[in-house]
Amino acid sequence: MGLQKRFSLGICECALFDMTEILVIYESTMGRTRAMAQAICEGVTASGVPCRLVQADDFPTTLNGVCALAIGSSTRIKRPLPRIRQILSELPDLNGLPAVSYGSYGWSGEAPDEIANRLQEHGARMIVEPLKVKDYPDEKALAKCRDIGVKLASWCSKK
Ligand SMILES: Cc1cc2nc3c(=O)[nH]c(=O)nc-3n(C[C@H](O)[C@H](O)[C@H](O)COP(=O)(O)O)c2cc1C
């Protein structure tokens, strides 16, 4: 069965069989966006939903049973990093999958917006505004990331 078919089935399976796993993908050069990704996963797991944290280089990974998705990248020359751009160009039909975008930035922070736009083009339902954090996320920013993880988890729990 092809990736697209498996993925859209995976979304349905979440609702029908309570398969709940959230996939948090990131690409990060100095660990700032990775820290955001880890905090998002903390929020997910604190809500009792399994979280799979995946570095962009390790994608593709199975999308079976993924009930929500977070994709993050820092901004480089106004765009997401290359591996995330590639992943975004290869996404299957997301069929209303709840999703968020996030990323650290230095001065302009376009990457999370571009990620959100591409996710929407692929049929994702963006559940919050793109989360942008300047430089390394401080405790307040990490708390926002955890909150987003909790929100993602709440979508997975909805029947
Ligand atoms: C070559 C290069 C280009 C960058 N271009 C941008 C940019 O266009 N806009 C921006 O906001 N930040 C830019 N940055 C800053 C990074 O987004 C910022 O340092 C970020 O915190 C890195 O996060 P990371 O550790 O998750 O990769 C650039 C950094 C580098 C090294």
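Residues numbered from 1 in each chain as written. Predicted model: local features only at pLDDT ≥ 70, side-chain atom pairs only at ≥ 80, totals over all residues.

### Things to note about the overall build of the protein chain
Item 1. When you go through the protein chain residue by residue, the secondary structure sums to 5 helices and 8 strands.
Item 2. For the protein chain, the succession of helices and strands along the chain, N to C, is α-β-α-β-β-β-β-α-β-α-β-β-α.
Item 3. Here the protein chain holds 159 residues, and the buried ones make up 45% of them.
Item 4. Of all intrachain contacts in the protein chain linking residues separated by at least 6 positions in sequence, the fraction that spans at least 24 positions is 80%. (Helix = DSSP H or I, 4+ residues; strand = E, 2+ residues; numbered from the N terminus. Buried ≥ 20, exposed ≤ 12 C-beta atoms within 10 Å, placed from the backbone. Contact = placed C-beta atoms within 7 Å.)

### Let's talk about unusual backbone geometry
Item 1. In the Ramachandran plot, I77 falls in the positive-phi region, its phi being about 45 degrees despite a non-glycine side chain.
Item 2. Within the fold, I77 resides in the loop between β4 (75-76) and β5 (79-80).
Item 3. Backbone geometry at D135 places phi at a positive 60 degrees, although glycine is not the residue there.
Item 4. Looking at the secondary structure, you find D135 in the loop between β8 (131-134) and α5 (139-157).

### Comments concerning the pairing of strand β1 (residues 21-27)
Item 1. Across the 7 residues of β1, 6 count as buried, placing the element largely inside the fold.
Item 2. Here 7 bridges tie β1 to strand β3 (residues 66-73), and the two strands are oriented parallel to one another. Bridge pairing links L23 to L69 in β3.
Item 3. Where β1 meets strand β2 (residues 51-55), 5 bridges bridge the pair, whose relative direction is parallel. Considered in β2, the bridge of I22 is made with C51. (Pairing = 2+ DSSP bridges.)

### Here we look at the site of the ligand
Item 1. If you check the shell around the ligand, you find 18 residues, and the closest are S28, M30, T33, S74 and G106.
Item 2. Counting only elements with at least two residues in the shell around the ligand, the list comes to α2 (32-46), β4 and β6 (98-105).
Item 3. Of the residues assigned to the shell around the ligand, the class counts are 4 nonpolar, 10 polar and 4 charged. (Near = placed C-beta within 6 Å. Nonpolar A, V, L, I, M, F, W, Y, C, P; charged D, E, K, R; others polar.)

### With respect to α5
Item 1. Helix length check: α5 (19 residues) gives 27 Å between terminal C-alpha atoms against 27 Å at 1.5 Å per residue, within 8%.
Item 2. When α5 is considered as a whole, its buried residues turn out to be A141, C145, R146, I148, G149, L152, A153 and C156. Burial along α5 is one-sided: seen end-on, the buried residues are contained in an arc of 155 degrees. Set apart from the buried face of α5 by more than 90 degrees, the exposed residues are E139, K140 and S157. (Expected span 1.5 Å × (residues − 1). Arc of directions from axis to C-beta.)

### With respect to the packing of α2 against α5
Item 1. Closest axis-to-axis distance for the α2/α5 pair is 7 Å, and the angle between their directions is 45 degrees. When the axis of α2 is compared with that of α5, the two are oblique. Two packed elements cross with a definite hand, and for α2 against α5 that hand is right-handed. Side by side, α2 and α5 meet where A35, M36, A39, I40, C41, E42, G43, V44 and A46 of the first sit next to L142, C145, R146, D147, I148, G149, V150, L152 and A153 of the second. (Axes fitted to C-alpha atoms, helices over the stretch in contact; angles between N-to-C directions. Parallel < 35°, antiparallel > 145°, perpendicular 65-115°, else oblique. Left-handed = near helix turned anticlockwise from the far one by under 90°.)

### A word on α2
Item 1. Across its 15 residues, α2 extends 21 Å between first and last C-alpha, which sits within 8% of the 21 Å expected from 1.5 Å per residue.
Item 2. Listed as buried for α2 are R32, T33, M36, A37, A39, I40, C41, G43 and V44.
Item 3. Buried positions along α2 lie against β1, β2, β3, β6, β8 and α5.

### A word on the confidence of the model for the protein chain
Item 1. Per-residue confidence for the protein chain averages 88 on the pLDDT scale, and 86% of its residues sit at or above 70.
Item 2. Per-residue pLDDT stays below 50 along residues 1-17; that stretch engages in 25 contacts with residues further than four places along the chain or on separate chains. (pLDDT = per-residue confidence, 0-100.)

### Some remarks on the nonpolar core
Item 1. Residues I22, V24, I40, L69, A70, A99 and L152 are the most contacted members of the largest nonpolar core, which totals 45 residues.
Item 2. Going through the elements one at a time, β1, α2, β3, α3 (82-90), β6, α4 (111-121), β8 and α5 are the ones with two or more residues in this core.
Item 3. Leave out the neighbours within four places in its chain, and A99 touches A68, L69, A70, L94, L119, A124, R125, M126 and I127. (Core = buried A, V, L, I, M, F, W, Y, C linked by C-beta atoms within 7 Å.)

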